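Inside the fold
For reference, the chains in residue letters:
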Amino acid sequence: MVEFTQEQEMIRQTVRRICREKLAPKVAEVDQTCEYPWDILEEFAKADLTRMFFPEKYGGLGKDLITNTMVVEEIASFNTATAHSFGGVANSRHPVLIAGTEEQKSKYIPMLIKEKGVVCLSITEPNAGSDVAGMETRAVKDGDDYVINGSKCFATNGSVAMLYFIFAVTRPGEGARGISCFLVEKGTPGLTPGRIEDKVGLRASNVSELSLEDVRVPAENMIGEEGKGFRICMTTLDKARLDAAAMGVGLARGALDYAMEYARSRVQFKQPVADFQGMQFLFADMATRLEAARSLTYETARRMETDDAEAPKFCAMAKLFSSDMAMSVTVDAVQALGGYGVMRDHPVERMMRDAKILQIFDGTNQIQKVVISRALLK
Ligand SMILES: Cc1cc2nc3c(=O)[nH]c(=O)nc-3n(C[C@H](O)[C@H](O)[C@H](O)COP(=O)(O)OP(=O)(O)OC[C@H]3O[C@@H](n4cnc5c(N)ncnc54)[C@H](O)[C@@H]3O)c2cc1C
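Parameters at a glance
Residues numbered from 1 in each chain as written. Predicted model: local features only at pLDDT ≥ 70, side-chain atom pairs only at ≥ 80, totals over all residues. Near = placed C-beta within 6 Å. Helix = DSSP H or I, 4+ residues; strand = E, 2+ residues; numbered from the N terminus. Nonpolar A, V, L, I, M, F, W, Y, C, P; charged D, E, K, R; others polar. Domains from an automatic or database assignment. Contact = placed C-beta atoms within 7 Å. Buried ≥ 20, exposed ≤ 12 C-beta atoms within 10 Å, placed from the backbone.

Within the structure, the ligand sits among 21 residues, and Ile 123, Gly 129, Ser 130, Thr 156 and Thr 364 are positioned closest to it. Counting only elements with at least two residues in the shell around the ligand, the list comes to strand 1 (119-122), strand 3 (145-156) and helix 12 (365-377). Its residues placed into classes, the shell around the ligand shows 11 nonpolar, eight polar and two charged.

Have a look at this one:
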């Protein structure tokens, strides 16, 4: 079991209060309207949560990844889409911090904190999903600039971001070694968000297409060295996978709590359905899987925080195990409510839809197995 410090507990109570008062009453509504949670992010910002995980040197509060994981878990226990959006504002491991120059860090991190800026990490393309190195978006050097052309898809925060990290090929034919990462500011001519996706789950998070047509950026907007984009992308994804694992834990906790509460009050055969051993064993299995995922997730956060060499493998394992756990726990939660489980009047059907996406984004669970087995056998 994870033991939180007194300070972490206080942060958790703050997150819980904001979510209970401001988020919970509108979760069902935003699942229908797909409204981006600007208002909730504003509440999080007022409580310092959006700057909490950035280094103190750039205006943040320098809190650790275990606290970050705890906050994401807590938000996801109310609404996974909001937890996903929170990651776009409060990401302590985005490309500028991983590979940016001191100049880029001092320019962009305080700006992100001040503006409560959302970032978008755009890797995926219509012909390059799991095969990141197969991307076709091109960045060509032209004097002191790079000119980027291509089409991206499934970009989280694609139409609400302030900063875009665009991954593009600078050396064609060199595969993963030919990819570089560019920072493109919102409003740069030629960068156009396209269709907003109508998703089955995480409906209140923003995912869209992105078109890049002769997008001109100064060469100093390259993050890290030329040809190092793939590595930056993978390191950024490690943190995204940890967040996905935390979302799975929070989501499953919300589903289990709801299903048990329902079973205590639903009477059949003249007794609460929670009194049937068949139901009790269902809950016992759900809770056991949940705690196993929780332990792995926080162990992963601890390893990332200490820059453990095995942290990337753990990120893949935590994402794989936790998202599969969230899928099965939410399916069981729907089952525990019988027919009411599939009705929109109860939140468990939404939770089940949200869980499905956790198994797909930030690298599908098949790709997590590729990452894990490669690390094991190398
Ligand atoms: C809600 C959402 C948000 C997203 N946000 C972002 C974002 O912010 N930025 C971004 O760049 N992308 C984002 N993505 C894209 C996401 O990372 C990709 O969808 C994912 O990596 C899979 O790519 P694909 O959809 O093209 O599937 P494909 O790669 O076409 O995969 C199809 C199937 O083949 C399997 N498969 C592929 N390769 C292998 C292999 N080597 N071994 C075994 N099985 C394999 C896959 O597991 C899958 O089942 C998001 C996606 C979703 C759904």
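Next comes the rest of the write-up.
Per the domain assignment, the segments of the protein chain are domain 1 (6-115), domain 2 (119-228) and domain 3 (231-377). A separation of 30 Å is found between the C-alpha centroids of domain 2 and domain 3. Opposite the 13 residues of domain 2 that make contact, domain 3 presents 10 residues. Here the side of domain 2 that touches domain 3 is built from residues that sort into eight nonpolar, three polar and two charged.

This part takes up the environment of Gln 8. In this fold, Gln 8 is placed in helix 1 (residues 6-23). Judged by C-beta crowding, with 17 C-beta atoms within 10 Å, Gln 8 ranks as partly exposed. Expressed as a C-alpha distance, the spacing of Gln 8 and Lys 199, which sit 191 residues apart in the sequence, is 34 Å. Discounting chain neighbours no more than four positions away, the residues touching Gln 8 are Thr 67 and Met 70.

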